[in-house]
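# Fold and contact review
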Amino acid sequence: MKKMILVGLLLVAIALVAAPPATAQLVTQWERVTGRVGARLDPAPGFVNPAWGFWEERVGASQFPFLKIGQGARGEAMGGAYVAVGDDISAAFTNPAALAHLDGGAYTLNYTRWLANSYVVSGAMALNVGFGVIGVNVVSFAADKFEVTTPTAPWGSGTKAQVGDIAIGAQFAKRMTDKFMLGGQIRWVQEDLYLEKVSNVTYAISSFFYTGFKSARIAMQFRDLGGDVKVTEGGYTTTMPTVFSLGGAMEVYGDKGSASWVTLSFEHEFETDYKPVNRVGGEMWLQNMLALRAGYRQGFDVEDWSLGAGVKYEVMPGKPMMVDVSYHHNKTGLFDAPIRVSLSGEF
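## Some remarks on the overall build of the protein
- A count of helices and strands for the protein gives three helices and 18 strands.
- Expressed as a percentage of contacts within the protein between residues at least 6 apart in sequence, the contacts between residues at least 24 apart total 52%.
- Element-wise, carbon and sulfur atoms account for 65% of the exposed surface of the protein, whose accessible area totals about 16,900 Å².

## Here we look at empty space enclosed by the protein
- This model, assessed by the stated rule, comprises one cavity of 30 Å³ or more.
- Considered as a void within the structure, the largest cavity measures approximately 70 Å³ in volume.
- Lining the largest cavity we find Gly 72, Ala 73, Arg 74, Asp 88, Ser 90, Thr 108, Asn 110, Met 322, Asp 324, Ser 342 and Ser 344.
- Mapped by element, the contributors of at least two residues to the lining of the largest cavity are helix H3 (73-77), strand E1 (105-113), strand E17 (319-330) and strand E18 (339-346).
- Residues that form the lining of the largest cavity fall into these classes: two nonpolar, six polar and three charged.

## Observations regarding the nonpolar core
- Core analysis: the largest hydrophobic core is formed by 39 residues, its most contacted members being Phe 64, Phe 66, Leu 67, Leu 99, Phe 141 and Phe 208.
- Where this core is concerned, the elements lending two or more residues are strand E2 (119-128), strand E3 (133-142), strand E6 (164-175), strand E7 (180-192) and strand E8 (197-210).

## Points about the pairing of E3
- Across 10 bridges, E2 lies against E3 in antiparallel orientation. When the bridges of E3 are listed, Val 121 appears paired with Ser 140.
- Hairpin connection of E2 to E3: four residues between the antiparallel strands, including Gly 130 at a positive phi of 100°.
- Pairing geometry for E3 and E6, over 10 bridges, is antiparallel. Within the sheet, the bridge partner assigned to Val 136 lies in E6 and is Ala 170.

## Details of the packing of aromatic side chains
- One pass over the structure, following the stated rule, counts eight aromatic pairs.
- Judged by centre distance (4.5 Å) and plane angle (40°), the ring pair of Phe 222 and Phe 244 falls under tilted. Remark: Phe 244 occurs in strand E12 (residues 243-253) and Phe 222 occurs in strand E9 (residues 217-225); sequence separation between them is 22 residues.
- Pairing Trp 261 with Trp 285 gives two aromatic rings, centres 5.5 Å apart and planes at 20°, and the pair type is stacked. Placement of Trp 261 in strand E13 (residues 261-271) and of Trp 285 in strand E14 (residues 274-286) is noted, with a sequence separation of 24 residues between them.
- Three or more aromatic residues joined by ring pairs make a cluster, and in this case those are Phe 222, Phe 244 and Phe 270.

## Looking at the confidence of the model for the protein
- Looking at the protein, pLDDT values average 83 and 81% of them are 70 or higher.
- When pLDDT is averaged over each element of the protein, E2 comes out on top at 97 and helix H2 (residues 23-34) at the bottom at 40.
- Overall, residues 9-58 carries pLDDT values under 50, and its contacts beyond four positions in sequence, including any with other chains, amount to 67 contacts.

## Some details on the environment of Pro 65
- Tracing the backbone shows Pro 65 in the loop between H2 and H3.
- According to the relative accessible area criterion, Pro 65 is partly exposed, its value standing at 48%.
- Placed 176 residues apart in sequence, Pro 65 and Pro 241 show a C-alpha to C-alpha distance of 6.8 Å.

## Description of the pattern of salt bridges
- Per the counting criterion, the structure on display carries 15 salt bridges.
- Here Arg 187 and Asp 224 are joined by a salt bridge, their closest N and O atoms 3.0 Å apart. Placement of the pair is Arg 187 in strand E7 and Asp 224 in strand E9, with a sequence separation of 37 residues. Per residue, the accessibility class of Arg 187 equals that of Asp 224, and both read buried.

## Points about the pairing of E18
- The pairing of E1 with E18 spans eight bridges and is antiparallel. Residue pairing for E18: Tyr 107 is matched across the bridge by Gly 345.
- The sheet contact formed by E17 and E18 spans seven bridges and is antiparallel. Its bridge partner lying in E18, Val 323 is registered against Leu 343.

Each value, and the rule that gives it
- Residues numbered from 1 in each chain as written.
- Predicted model: local features only at pLDDT ≥ 70, side-chain atom pairs only at ≥ 80, totals over all residues.
- Heavy atoms only, no water.
- Helix = DSSP H or I, 4+ residues; strand = E, 2+ residues; numbered from the N terminus.
- Contact = heavy atoms within 4.5 Å.
- Areas by Shrake-Rupley, 256 points an atom, 1.4 Å probe, with all protein chains shown as cover.
- 1 Å grid on protein atoms, 1.4 Å probe; cavity = no way out; pocket = protein on both sides within 12 Å on 5 of 7 lines; lining within 4 Å.
- Points joined across faces, edges and corners; volume = space filled by probe spheres on them.
- Nonpolar A, V, L, I, M, F, W, Y, C, P; charged D, E, K, R; others polar.
- Core = buried A, V, L, I, M, F, W, Y, C linked by side-chain atoms within 4.5 Å.
- Buried < 20%, exposed > 50% of the residue type's maximum accessible area, 1.4 Å probe, protein only.
- Pairing = 2+ DSSP bridges.
- Phe/Tyr/Trp six-rings, centres within 6.5 Å; stacked < 30°, edge-to-face > 60°.
- pLDDT = per-residue confidence, 0-100.
- Salt bridge = Lys/Arg side-chain N within 4 Å of Asp/Glu carboxyl O.

Right, here's the structure in full:
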């Protein structure tokens, strides 16, 4: 049975990596014509001119882009290559199946200083209830206030506005065998567009598997699956920012939980509104108290390399508390570098 599960997962992984997504060629054309990398805004279909070419053959815009902002300083310091690494409460934002590692209860609070004076606050809590692990999480995004403009007041009407987004999710994870875990999530998301609000329900399903070769493991996740969203009354619809993640990780020095060890990880992502991207990261633990981390994102417009650190301390026997920070280089030079801070613990 275990061999069948492993073979099946490997076949799926090989097929998904080997098959080039249809959007790859579209992005290439966009980059060749404009000199820019990545997705672009999508005008209403009625305004598309065939002469534009790259507008017709587009990657496509999606709704709720805040869902793609990584949460948790630990995983993000590793370049976001965390789907096969997370074995604590931070997995609530990267791989619900990995929550099955929890023996009791755990919590985490995260703050992200994002671009253009915007910020993200998130939190999660999970508890092992015997037949599995149940959890909840919240992500809230807020942008800086801006002045409203109108046709009669193009330079500003004097009215201040603020937009924001929120996502509230429930999760369940279960250890199917001693090496294989499954998990899922259902989440309600809402985007406040000032004049109106748009909402939807999304789903995620994930797995976490120990291969049996040393500490090597592979993990997969489909997240933010959901129906199309009607943006404005009488307007056009957009899709959800669905992402498929496939990753692997292994300790290359020492054993996890010992005095010191080093973990390396890799992750590949397919996205509905962007070209495929890669992430690689590493984590080194010293005396099971201090963690040093680094990572790199290949193919991203804003972030590339990242650094981070964490300190773990047992406030009570067997109940550690951890503080993590991460710094992310902004290669555009147009915004302040994203910084993340996380506080987590067990109860």
